[in-house]
Amino acid sequence: MSGSGLPPVALSCGDPAGIGPEIAVGAWKALRDSLPFFWIGDPAHLPEDAPMALIDSPSEAMAAAAEGLPVLPHPFPRANTPGTPSPENAPGVVDVLTRAVELVRAGEASALTTAPIAKKVLVDWGGFTHPGHTEFLADLAGVEHVVMMLASEELRVVPATIHIPLADVPSALTEDGLEATIRITHAALRRDFGLLSPRIAIAGLNPHAGEGGLLGAEEGAMIAPLLDRLRAEGLDLIGPLPGDTMFHAAARAHYDAAIAMYHDQALIPIKTLAFDRGVNVTLGLPFVRTSPDHGTAFDIAGRGLANPTSLIEALKLAHQMAAMRAAAS
Ligand SMILES: NC(=O)C1=CN([C@@H]2O[C@H](COP(=O)(O)OP(=O)(O)OC[C@H]3O[C@@H](n4cnc5c(N)ncnc54)[C@H](O)[C@@H]3O)[C@@H](O)[C@H]2O)C=CC1
Ligand SMILES: NCC(=O)COP(=O)(O)O
């Protein structure tokens, strides 16, 4: 237990050939006195000079943090080569993730923060059958619909469809799916972000939100009628708005979160505004999960260039959400 009375946050190693190991050490340096967390992975995959403290159980993390990054060891078959993912190590990345979830679900960890994985590496070599953590965690938890939110001080944004080809977006956008996304987002803004009457903006799919049907039909046929129905229940919804103009500073002042129709419509604005500080949060799971907004950054791994700030923000948000849920229960 920490000073807050909560167990520590579990941090999965992600792909060890990416920047995960070095930013975990950076996060420990920043948070060692304020936020208990532990890293699950192979200690031999950490940078050579990294201060670390091996632990046998998450309950030892708080005390161990005085010495170094608390590490719950999970041996991998191969040594690490930063920048070059190893086929032999790929199954271990998935095992660590599964082990971290088990610790959270057993109450030994208060929340899960994940370091980045390379999806294709895990699908090709790791027996992974999902396009990302979000879908994998939903499956592990037995939840049908979860929501990906990217959060920063400047903007919170949610893609209504996630890791699918752009060509599949129109058929994947269903009224039921969008309704679930709006409801889960609304509930999370209240529960996890303390916003009693959240204002949510919803993007259109097409240029100019369809321009009255001239540039696309989805807005008039599905999105606008759904928003009208939910507004009648009292939800504070704006839209459908043109995706190209809803993210400038003055527009952002009118909402607490924006729901976009596809991955890049959502992630381009937040990564432009706050790439080094954005946090990816999965909403709708029975436990808290956050992650940095960036990926494995194989191009700079092991070179001392990686910025740990997004991971630090992810750990802080995980701890804060776990504390809010504990206080409310
Ligand atoms: N949550 C997760 O597990 C995520 C995983 N990915 C995965 O990461 C892999 C690489 O994806 P990319 O599109 O190249 O995105 P990326 O975020 O890994 O890299 C994009 C650019 O930003 C730089 N960068 C990223 N994080 C940085 C940091 N902390 N400090 C300094 N520079 C940083 C990289 O060097 C690169 O130039 C893909 O396989 C993708 O699936 C991508 C996003 C999230
Ligand atoms: N672009 C966001 C991303 O790929 C993160 O996905 P996930 O692994 O958190 O599902």
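The structure presented is a predicted model; accordingly, all values stated were derived computationally and were not measured.

A. Just the overall build of the protein chain, in detail. For the protein chain, the helix and strand inventory stands at 11 helices and 12 strands. Here the C-alpha atoms of the protein chain give a radius of gyration of 20 Å, agreeing with the 20 Å that 2.2 N^0.38 yields for 329 residues. Across the 329 residues in the protein chain, those meeting the buried criterion constitute 48%. Across the protein chain, every contact between residues at least 6 apart in sequence was considered, and the portion connecting residues at least 24 apart equals 72%.

B. Layout of the UniProt feature "binding site: a divalent metal cation" (unreviewed entry) in the protein chain. Listed under "binding site: a divalent metal cation" (unreviewed entry) in the UniProt record, and renumbered for this structure, are His-163, His-208 and His-263. Look at the named residues: they lie 101 residues apart in sequence, and the longest C-alpha span between them is 23.8 Å, so in the fold they stay spread out. In this structure, His-208 sits in the loop between strand E8 (199-203) and helix H8 (218-232). Apart from the residues within four sequence positions on either side, His-208 is in contact with Leu-215 and Pro-242. Here His-263 shows up in helix H10 (residues 263-274). His-263 sits in the partly exposed class, given 18 other C-beta atoms within 10 Å. Excluding residues within four positions of it along the chain, His-263 makes contact with Pro-159, Ile-162 and His-163.

C. Spatial organisation of the domain arrangement of the protein chain. Domain boundaries assigned for the protein chain yield domain 1 (1-143 + 285-329) and domain 2 (145-281). For domain 1 versus domain 2, the distance between C-alpha centres works out to 28 Å. On the side of domain 2, 18 residues touch domain 1, which itself brings 20 residues to the contact. Only helix H5 (133-141), strand E12 (289-292) and helix H11 (309-328) provide two or more residues apiece to the side of domain 1 that touches domain 2. In terms of residue count, H11 provides more of the side of domain 1 that touches domain 2 than any other element does, 7 residues in total. A per-class count over the side of domain 1 that touches domain 2 returns 9 nonpolar, 8 polar and 3 charged.

D. Focus on the site of ligand 1. Pro-116, Ala-118, His-294, Gly-295 and Asn-307 are the nearest of the 19 residues found near ligand 1. Of the residues contributing to the shell around ligand 1, the split by class is 9 nonpolar, 8 polar and 2 charged.

Rules of the game
Chains are numbered independently. Their residues run from 1 in the order of the written sequence. Naming scheme: in the order in which they are written, chains are lettered from A and ligands are numbered from 1. A pLDDT threshold of at least 70 governs which residues receive local features in this predicted model, and a stricter bar of 80 or more applies before side-chain atom pairs are shown or counted, although totals over entire chains, interfaces and linings include all residues. The helix count covers DSSP runs of H or I at least four residues long, the strand count covers runs of E at least two residues long, and both are numbered beginning at the N terminus. Only the C-alpha atoms count toward the radius of gyration. The rule for a globule is 2.2 Å times the residue count to the power 0.38. Buried, partly exposed and exposed are defined by the number of other C-beta atoms within 10 Å of a residue's own C-beta, namely 20 or more, between the two limits, and 12 or fewer respectively, with C-beta atoms placed from the backbone. Throughout, a pair of residues is in contact if the C-beta atoms placed from their backbones lie within 7 Å. UniProt positions are given in the numbering used here, feature names are shortened, and annotations may be inferred rather than shown by experiment. Domain segmentation is taken from an automatic or database assignment of domains. Each residue receives one of three labels: charged for Asp, Glu, Lys and Arg, nonpolar for Ala, Val, Leu, Ile, Met, Phe, Trp, Tyr, Cys and Pro, and polar for the others, Gly being one of them. Nearness rests on one distance test: the residue's C-beta atom, set from the backbone, must lie within 6 Å of the molecule or strand.

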